[in-house]
Amino acid sequence: MATKDTLQIELQFSGGMELLFDNQKTIQADVPAFFPIVTKDTDTNQQERHAATIRDLIAWTSIELLKERPELFIGDDGSVRAGILVLINGADWELEGELEYELQDKDEIVFISTLHGG
Amino acid sequence: MSCSIDEPTMTVAEKRAKARAVHVGFCCKCKTTRSTIIVRYAEYCDPCFLIALDSKFRTALRNARPYRVTNPENVMLAFSGGSSSRSLIHLFDVFHSLPPEVTSNKQQPKIYNDIHVCHVDESCLFEPSSLQTQIQSQGQNDSHSKEIKEEKLDGSTMEQARSIAAHYNYLFHGVRIEDIYDPEWADSHCFEAVATLVTSLPKDQLAISGEAPELLSHIHPMSPLSTSSGPPGLSSETTRRQKMSRQEKIAKLKALLAACTTLTAKETILGHIRSSLLAQLAKRADCTILALGDSATRVAIQIIGLTAIGRGFSLPHETSLESNWIQGCKVIRPLKDCLAKELDTLCRLSNLEVIEKHTARLGWTIQSKGEIKSIKQLTEEFIIGLDKDFPSTAATVCRTAAKLTPPDVQYQDKCPLCHGPVQAGVQEWKKRITVTTPPSRDDQETAKDFNDTCCSSTVGTSCCSNSNRSINSSSSCTQNSTKSHSTDEKPPLPFSSLLCYGCLTNLRDLNLKSMGSLNGDETSQFELPPYVAWTILDRVGYKSLEDYENAFVAKDTDVDPRESLREQIQEFLIASDSESEE
Ligand SMILES: [Zn+2]
Ligand SMILES: [Zn+2]
């Protein structure tokens, strides 16, 4: 298990996604390596945590980095909005476990919007 | 059919691909490399994906236009700037750059002669706020020449599109969307007139009748003396009449869009303008083929969206692999089997430059607190959302619609607004399902008894006597009738009766207040571009603007021009007096 508190993740945006991030095509982000496990029961130990996944990254990105219109990035189910292609180190995230993929230090995550036709 | 996890719509090829992926996580083609791309259950490595996509394109291109064809034709590639049409240019280039040994060995005839690229710049309709950010980000960079800076400042996509085409040595043709108001984009190559619409009833009666009124049109020749000259650099070689300035054209286009009350109507009309320009660009460059970059995803969205807005009749022309609808220009969609995701991947892997912001999204033109979505946007979300869980959605929709056969209609009878086919009998059918409006004002005048005819004859709902506000309405009604005699304008031509069903439906979202009225009290706040004006004249039977104008000069003396015109257009009128006056 990684002992570092943060992971260095390179985020890339294209296909119009960058417009939501202040026109930045690449962001070097220090993403927390662990996220608390959210439970309905308030009595449970708050210290419980799990290794960061893409699901956490999406939520974290939309809070920390997103400049405008979150509805164009994140969907109701906590995933990215339909029509956004996600690549993990050059591979389609569907091949890597999608939302449950555990982030590794130095990962390169690409978000491409496929919505604009033509 | 139920939504089981195994999609019932998987094709044999897909099932085979799924079964073939014996080693999960490895490419289904070479089986030795870890897969990086997944397309509808099939996993590929990067190189195998590119090969597969290329062969898919070649197959589609061959189906759209058999290689047996002997005389090579010129092809126009429509390039919006997006990843799909960007892929189109790239794939065409790969296709045409056969290795020399292949070309010399097989003695294959050239399949395409010249390849042209065209682009419609829609930047004048971009959202203003983002334009400002663009200005801010470009602000520092002042070393370039003024013209280039201006291009960049207004968010123009033209130069970027031009440079992409130049990279391939393809001939480039660029046009701005507002240029649709230039006379040369009509079928007759130079048609110096625009059309305005008038309602067949006075406005106060429209409010009461509560149904879509018949719309008529006026053709207005462009004034020979245009007030302002165009900005430097835009001057043209045309000498016949002074050209409109770019600002004037933008103002006209914006006025037309402003007359549409819904986002769907705005987008639909903009779509017609865009297609009209593309067809004209192809024809003018002597291209007999116009290739569009529509992906399977986009075609599926079109199929559902067009059906929803009442354009099912022209669906085959607007979504098929090949369409011969437009006279002298075959339209092909060789990317119709490729998902948007595949084309995005192609652009990424091949480092193809795309124009990030290229298509005008008109949401900003509607003032509203909440977010307004057009039918097209809703359809887009629907299809893409469905495709996420059921990756065969787009393909299934496309396959289903591919079975539709194009209607048997003549291109001469095209709709003035969308240039699509007009279903025979639309008017009769429409008449059966709607309460028709009472006879147009002309009939009442002929009766020379307006007060009686106007306010007592019709059983219909729209006469003013029917209303509770009878005093107000009847007075204005009489007034209008009297006034209409004194207008010296040429009698109106038909309009709504010439339209296809889809456009007729779409016109319900045109603000009636923005149109003129038959009595001339109000003037139209928007003008329809020359291509529309030309098609109206053509459909009514005039060969040219002069032909139309002379028709009234000659007959003015003895016959009431309204009468003679009325005879000519009789067949187009929706409501005829014999039927509504009982
Ligand atoms: Zn492979
Ligand atoms: Zn139409």
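Remember, it's a predicted structure, so these values are computed and weren't measured experimentally.

Q: So what's going on with the overall build of chain B? Residues and values would help.
A: Secondary structure summary: chain B contains 24 helices and 12 strands in total. Only carbon and sulfur atoms are counted for the fraction: they give 52% of the accessible area of chain B, which is about 27200 Å².

Q: Quick one: what's the story with the sheet that holds strand 1 (residues 6-14) of chain A, residue by residue and with numbers?
A: Overall, mixed pairing links the 5 strands, which are arranged 2-1-7-5-6 (chain A) in an open sheet. Looking at the sheet topology across the chains shown, the edges are occupied by strand 2 (26-32) and strand 6 (91-92) of chain A. Strands in contact with helix 1 (residues 54-64) of chain A are strand 1, strand 2, strand 5 (84-88) and strand 7 (108-113) of chain A; relative to strand 2 of chain A, the strand with the most contacts, it is inclined by about 115°. Against the sheet, helix 13 (residues 340-349) of chain B touches strand 5, strand 6 and strand 7 of chain A, its axis set at about 50° to strand 5 of chain A.

Q: Give me the coordination of the zinc ion (ligand 2): which residues, what numbers.
A: Around a metal, the idealised angle for a tetrahedral arrangement of four donor atoms is 109.5 degrees; for an octahedral arrangement of six donor atoms it is 90 or 180 degrees. Residue and element names in this part refer to chain B. Protein coordination at the zinc ion (ligand 2) comes from Cys-415 (SG), Cys-418 (SG), Cys-500 (SG) and Cys-503 (SG), with a distance range of 2.3 Å. Taken together, the 4 donor atoms surrounding the zinc ion (ligand 2) define angles of 106 to 116° at the centre, an arrangement classified as tetrahedral. In the primary sequence, the donor residues of the zinc ion (ligand 2) line up as C-x2-C-x81-C-x2-C. The exposure classification of Cys-500 matches that of Cys-503, with both residues buried.

Q: Can you break down helix 14 (residues 375-389) of chain B residue by residue, with the values?
A: All names here are of chain B. For helix 14, built from 15 residues, the straight-helix expectation of 21 Å at 1.5 Å per residue is met to within 8% by its first-to-last C-alpha distance of 22 Å. Within helix 14 the residues assigned to the buried category are Gln-377, Thr-379, Glu-380, Ile-383, Ile-384 and Asp-387. Considered in projection along helix 14, the buried side chains sweep an arc of 160° and stay on one side of the axis. On its buried side, helix 14 packs onto helix 10 (263-284), helix 11 (296-308) and helix 15 (393-401).

Q: How would you explain helix 9 (residues 246-258) of chain B if you had to name every residue and give the values?
A: Residues and elements named next belong to chain B. Its 13 residues give helix 9 an end-to-end C-alpha distance of 18 Å, which sits within 8% of 18 Å, the value for a rise of 1.5 Å per residue. Residues Arg-246, Lys-249, Ile-250, Leu-253, Leu-256 and Leu-257 constitute the buried set of helix 9. One side of helix 9 holds all its buried residues, which, seen down the axis, span an arc of 125°. Along helix 9, exposed side chains directed more than 90 degrees from the buried face belong to Gln-247 and Ala-258. Where helix 9 is buried, its residues meet strand 5 (171-176) and helix 10.

Q: Give me the lowdown on the coordination of the zinc ion (ligand 1), citing residues and values where you can.
A: All names here are of chain B. Coordination sphere of the zinc ion (ligand 1), protein contribution only: Cys-27 (SG), Cys-30 (SG), Cys-45 (SG) and Cys-48 (SG), at 2.2 to 2.3 Å. Here the zinc ion (ligand 1) binds 4 donor atoms, and the angle range of 99 to 117° at the metal identifies the geometry as tetrahedral. Within one chain, the residues serving as donors to the zinc ion (ligand 1) are arranged as C-x2-C-x14-C-x2-C. With Cys-30 in the loop between helix 1 (12-20) and strand 1 (37-39) and Cys-45 in the loop between strand 2 (42-44) and helix 2 (46-64), this pair connects stretches of sequence that are 15 residues apart.

Q: Quick rundown of the pairing of strand 3 (residues 73-78) of chain B? Include the residues and the values.
A: Residues and elements named next belong to chain B. The element strand 3 is extensively covered by neighbouring structure, given that 5 of its 6 residues are classed as buried. Bridge count for strand 3 against strand 4 (residues 112-121) is 5 bridges, and the pairing is parallel. When the bridges of strand 4 are listed, Glu-73 appears paired with Tyr-112. Direction of pairing for strand 3 relative to strand 8 (residues 289-291): parallel, over a ladder of 3 bridges.

Q: Give me the lowdown on the interface of chain B and chain A, citing residues and values where you can.
A: Taken together, the contact between chain B and chain A spans 25 residues of the former and 26 residues of the latter. Interface area, chain B with chain A, both sides summed: about 2000 Å², of which 53% is carbon and sulfur. Of all residues in chain B, Arg-348, Glu-356 and Lys-388 of chain B bury the most surface against chain A, accounting for 27% of the area lost on that side. Counting across the chain B and chain A interface gives 3 salt bridges. If you look at where chain B meets chain A, you find 4 residue pairs in polar contact (both at pLDDT 80 or more). Its residues placed into classes, the side of chain B that touches chain A shows 4 nonpolar, 10 polar and 11 charged.

Q: Summarise the nonpolar core; cite the residues concerned and give the values.
A: Residues and elements named next belong to chain B. One finds Ile-219 and Phe-495 to be the most contacted residues of the largest nonpolar core, which totals 79 residues. The leading source of residues in this core is helix 10, at 10 residues. When neighbours within four sequence positions are excluded, Phe-495 is seen to be in contact with Leu-197, Leu-215, Leu-216, Ser-217, Leu-417, Leu-507, Leu-528, Val-532 and Ile-536. In this structure, Ala-52, Ile-289, Ile-309 and Val-354 belong to the second largest nonpolar core, which totals 60 residues.

Q: Which residues make up the domain arrangement of chain B, and what values do they have?
A: Residues and elements named next belong to chain B. Its domain assignment divides chain B into domain 1 (71-122 + 157-189 + 255-406) and domain 2 (193-240 + 423-498 + 511-581). With 17 residues of domain 1 at the interface, the matching set in domain 2 holds 14 residues. Of the roughly 1200 Å² buried where domain 1 meets domain 2, counting both sides, 71% is carbon and sulfur surface. Taken as a group, Tyr-181, Ala-259 and Phe-313 account for 36% of the area that domain 1 buries against domain 2, more than any other trio of residues on that side.

Q: Report on the sheet that holds strand 10 (residues 330-332) of chain B, specifying residues and quantitative values.
A: Across the sheet, 6 strands lie side by side as 5-4-3-8-10-9 (chain B); this open sheet has mixed pairing. Each edge of the sheet is formed by a strand with only one pairing partner; in this case those strands are strand 5 and strand 9 (322-323) of chain B.

Q: Lay out the pattern of salt bridges with the relevant residues and their values.
A: Opposite charge on two side chains lets them pair, provided their charged atoms get close. Counted according to the given criterion, the structure contains 20 salt bridges over all chains. A salt bridge links Asp-105 of chain A to Lys-106 of chain A; its shortest N-O distance comes to 3.7 Å. Exposure remark for Asp-105 of chain A: the relative accessible area of 27% places this residue in the partly exposed category. As a salt-bridge pair, Arg-274 of chain B and Glu-122 of chain B come within 2.5 Å of each other at their nearest N and O atoms. Of this pair, Arg-274 of chain B sits in helix 10 while Glu-122 of chain B sits in the loop between strand 4 and helix 5 (128-138), and the two are 152 residues apart along the sequence. Given the relative accessible area of 21%, Arg-274 of chain B is considered partly exposed.

Q: Summarise the confidence of the model for chain B; cite the residues concerned and give the values.
A: Residues and elements named next belong to chain B. In the predicted model, chain B carries a mean pLDDT of 75, and 65% of its residues have values of at least 70. Below a pLDDT of 50 lies the segment residues 225-240, which in the model reaches 18 contacts outside its immediate sequence neighbourhood of four places, other chains included. Two numbers describe this predicted complex: its pTM, 0.77, and its ipTM, 0.80.

Q: Describe a nonpolar patch on the surface, and please don't skip the residues or the numbers.
A: Residue and element names in this part refer to chain B. Together, Ile-304, Phe-382 and Leu-386 give the surface a local cluster of nonpolar side chains, amounting to about 240 Å² of exposed area. Its location among the elements puts Ile-304 in helix 11. Note on Ile-304: relative accessible area 31%, which makes it partly exposed.

Q: A description of the environment of Ile-309 of chain B should follow, citing residues and the corresponding values.
A: Residues and elements named next belong to chain B. In this structure, Ile-309 sits in the loop between helix 11 and helix 12 (315-319). For Ile-309, a relative accessible area of 15% translates into the label buried. A sequence separation of 66 residues divides Ile-309 from Ile-375, and the C-alpha atoms of the two residues are 7.7 Å apart.

Q: If you had to explain a negative patch on the surface to someone new, which residues and values would you point to?
A: Taken together, the side chains of Asp-76, Asp-77 and Glu-98 of chain A together with Asp-389 of chain B define an acidic patch exposed on the protein surface. Assessed through its relative accessible area of 58%, Asp-389 of chain B is described here as exposed.

What counts, and at which threshold
Residues numbered from 1 in each chain as written. Chains lettered and ligands numbered in written order. Predicted model: local features only at pLDDT ≥ 70, side-chain atom pairs only at ≥ 80, totals over all residues. Heavy atoms only, no water. Helix = DSSP H or I, 4+ residues; strand = E, 2+ residues; numbered from the N terminus. Areas by Shrake-Rupley, 256 points an atom, 1.4 Å probe, with all protein chains shown as cover. Pairing = 2+ DSSP bridges. Contact = heavy atoms within 4.5 Å. Axes fitted to C-alpha atoms, helices over the stretch in contact; angles between N-to-C directions. Donors = N, O, S within 2.8 Å, 3.2 Å for Na, K, Ca; no water. Tetrahedral: all angles 85-135°; square planar, octahedral: opposite > 155°, others 65-115°. Buried < 20%, exposed > 50% of the residue type's maximum accessible area, 1.4 Å probe, protein only. Expected span 1.5 Å × (residues − 1). Arc of directions from axis to C-beta. Buried area = accessible area lost by both parts, 1.4 Å probe. Salt bridge = Lys/Arg side-chain N within 4 Å of Asp/Glu carboxyl O. Polar contact = N/O pair within 3.5 Å; in protein donor to acceptor, adjacent residues only side chain to side chain. Nonpolar A, V, L, I, M, F, W, Y, C, P; charged D, E, K, R; others polar. Core = buried A, V, L, I, M, F, W, Y, C linked by side-chain atoms within 4.5 Å. Domains from an automatic or database assignment. pLDDT = per-residue confidence, 0-100. Patch = residues over 30% accessible without salt bridge, like charges linked within 9 Å, V, L, I, M, F, W, Y side chains within 5 Å. Lys, Arg positive; Asp, Glu negative; His and termini not counted. Charge placed at Lys NZ, Arg CZ, Asp CG, Glu CD.

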